[in-house]
Amino acid sequence: MGVVNRAQAKRMRSGGPDLISRLPDEILGSIISLLPTEQGARTQILSSRWRPLWRSAPLNLEPYGLASGINEDVVSRILTEHRGGARRFKAPPHILHGDPATLDRWLRSPVLNDLQELRLYFPPFALPMRTIPQSAMRVSSTLRIAHFSCCQFAVDAAHRLHFPNLQLLSLLSVSISDDCLHAVLASCLALDKFQLVYCYYISPKPLMPPSTLRFSSTLRVARFGHCQFPDAAALKVHFPNLQYLELRMVTVSERSLHAMLSSCPALNNLILTANFGFRKFMINSLKLKRVEMCFGRSDTEIELEELIVVNAPCLEILDQRGPYVANMHISIVSAPKLKILARLNDNTSRLELGTTVFEGRHAVRVATTMRSVKTRISTENVELHNSLDRNECLDFHLKKLRIRHYSGKRSHLAFARFFVLNASVLESLVLIIDPEMEESDSWIEKQRRKLQLEKRASIGCEIKFSSVGDSSYHSDIQDLSEPFE
């Protein structure tokens, strides 16, 4: 870089030469293509140098809602006047609520000939469901990303579908025949991410076609929703490279669920939301690092009653919301790296952490093995920190603990005090209390004495009483980014 003299510096401070405008058209076009549609169009007013660039730059046409000011007429004019190609075309519901012929005309535009990303979000709950136009299939061979939402595929669409370069396919709240789905997936030779969620208002839930569960050895991310997994299909699952799996409102038997997970040897993230059909869920995975579970409730379907971590040497986060059923049993047999066990409530009738057992909905009792003899110890005098049989999770891994709805009553106090006295590497204990109690310094001080903080197993542990929770806890739980964006 050359030396800038005083005169040059003065000219630059006073609005001197525009260095960005000196860049080649190709680079400026790439910069414009990174901007939202409306902001890219506004670059035309910067100067005469910028005026022709937007109309020839790679087009990313994605209206962000009514506030963007981009309606059907604006989209039509852009596609008519644009001289360059297009990378991305996104049509949200407020654009697609009109005449289907308009969308068909857009998709036939030469601007979209080499389209790489297509997102069609039709108006939800519209009956009859809109059918994806045939013109959408003409760009299928160049697509890398395809999102289709709240729509149906024509019965005879199978022979026109060909996605050799597709890396992400999202079918959200769709209606699609088994033959058509099989044809779609058979043409996806490089698929990396796949989402299939059937329409929520279809009853009974559609059966997942067997071909869906064994079609791709390249798949790393998958989400399935609002469907049933037949045993015959689930037992033939083969996802050797799958790392992220999400099941949402899926009915699957215990046998099929375990068989499916055992066929995903590379799985490290598992999300289960409002699923039914199994009473016991056993985690036995060498690679799994994170499990998130949200328990559903049903008067007609089988609900989860027992959660057992048998062997999960890499598991760090087990976040289970619920359960809504009473007498829930949670057992952590072997999870030496477990850092977060989240959101237990009073419906958990039995919690086992290695050899340590908590029982009862309203009174916490602790059981431990001491020289092979099971001894029950009252909550008034928990002294497990002197036990000869230690717990690996408490001794080496448990660093953060958050207890909601802490009231200071006998069972709550005993539960919290157990971890104060026995968690050797605990860094943070957050007790979520009623806002009124947070104002009472005397009550908080009394609780601190009862917790026996002077005997804490971890000298550096921070004990906090709060009515708003701990933001660091939420960041740990929610740091998994959306995999289908």
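As shown above, the structure is provided for reference.
These lines cover the structure that appears in this document, whether it is placed above or below. (Residues numbered from 1 in each chain as written. Predicted model: local features only at pLDDT ≥ 70, side-chain atom pairs only at ≥ 80, totals over all residues. Heavy atoms only, no water.)

1. What about the packing of aromatic side chains?
Line of reasoning, step 1. In this structure the tally under the stated criterion is 10 aromatic pairs.
Line of reasoning, step 2. Summarising the aromatic geometry, the rings of F148 and F153 are spaced 5.7 Å apart at their centres and angled 80° between planes, so their arrangement reads as edge-to-face.
Line of reasoning, step 3. Taken together through their ring pairs, the aromatic side chains of F194, F224 and F229 make up a single cluster. (Phe/Tyr/Trp six-rings, centres within 6.5 Å; stacked < 30°, edge-to-face > 60°.)

2. Considerations on the pattern of salt bridges
Line of reasoning, step 1. Summed over all chains, the structure comprises 9 salt bridges.
Line of reasoning, step 2. Residue R290 pairs with E292 through a salt bridge whose shortest N-O separation is 2.8 Å. For the pair formed by R290 and E292, the shared burial category is buried.
Line of reasoning, step 3. Salt-bridge contacts for R350 lead to E352; the nearest nitrogen and oxygen are separated by 2.6 Å.
Line of reasoning, step 4. On the basis of relative accessibility, which here comes to 15%, the residue E352 falls in the buried class. (Salt bridge = Lys/Arg side-chain N within 4 Å of Asp/Glu carboxyl O. Buried < 20%, exposed > 50% of the residue type's maximum accessible area, 1.4 Å probe, protein only.)

3. What about the sheet that holds strand β23 (residues 428-432)?
What holds strands together in a sheet is hydrogen bonding between their backbones, with the strands either parallel or antiparallel.
Line of reasoning, step 1. The sheet built from 3 strands is open, its strands ordered β22-β23-β24 with parallel pairing. Across the chains shown, the open sheet's two edge strands, defined by having one partner strand only, are β22 (400-403) and β24 (462-466). Strand-to-strand, the axes of this sheet are offset by a mean angle of 10°, without reference to chain direction.
Line of reasoning, step 2. Pairing analysis gives 5 bridges linking β23 to β24, with the strands arranged parallel. Looking across to β24, one finds that I432 is bridged to S466. (Pairing = 2+ DSSP bridges. Helix = DSSP H or I, 4+ residues; strand = E, 2+ residues; numbered from the N terminus. Axes fitted to C-alpha atoms, helices over the stretch in contact; angles between N-to-C directions.)

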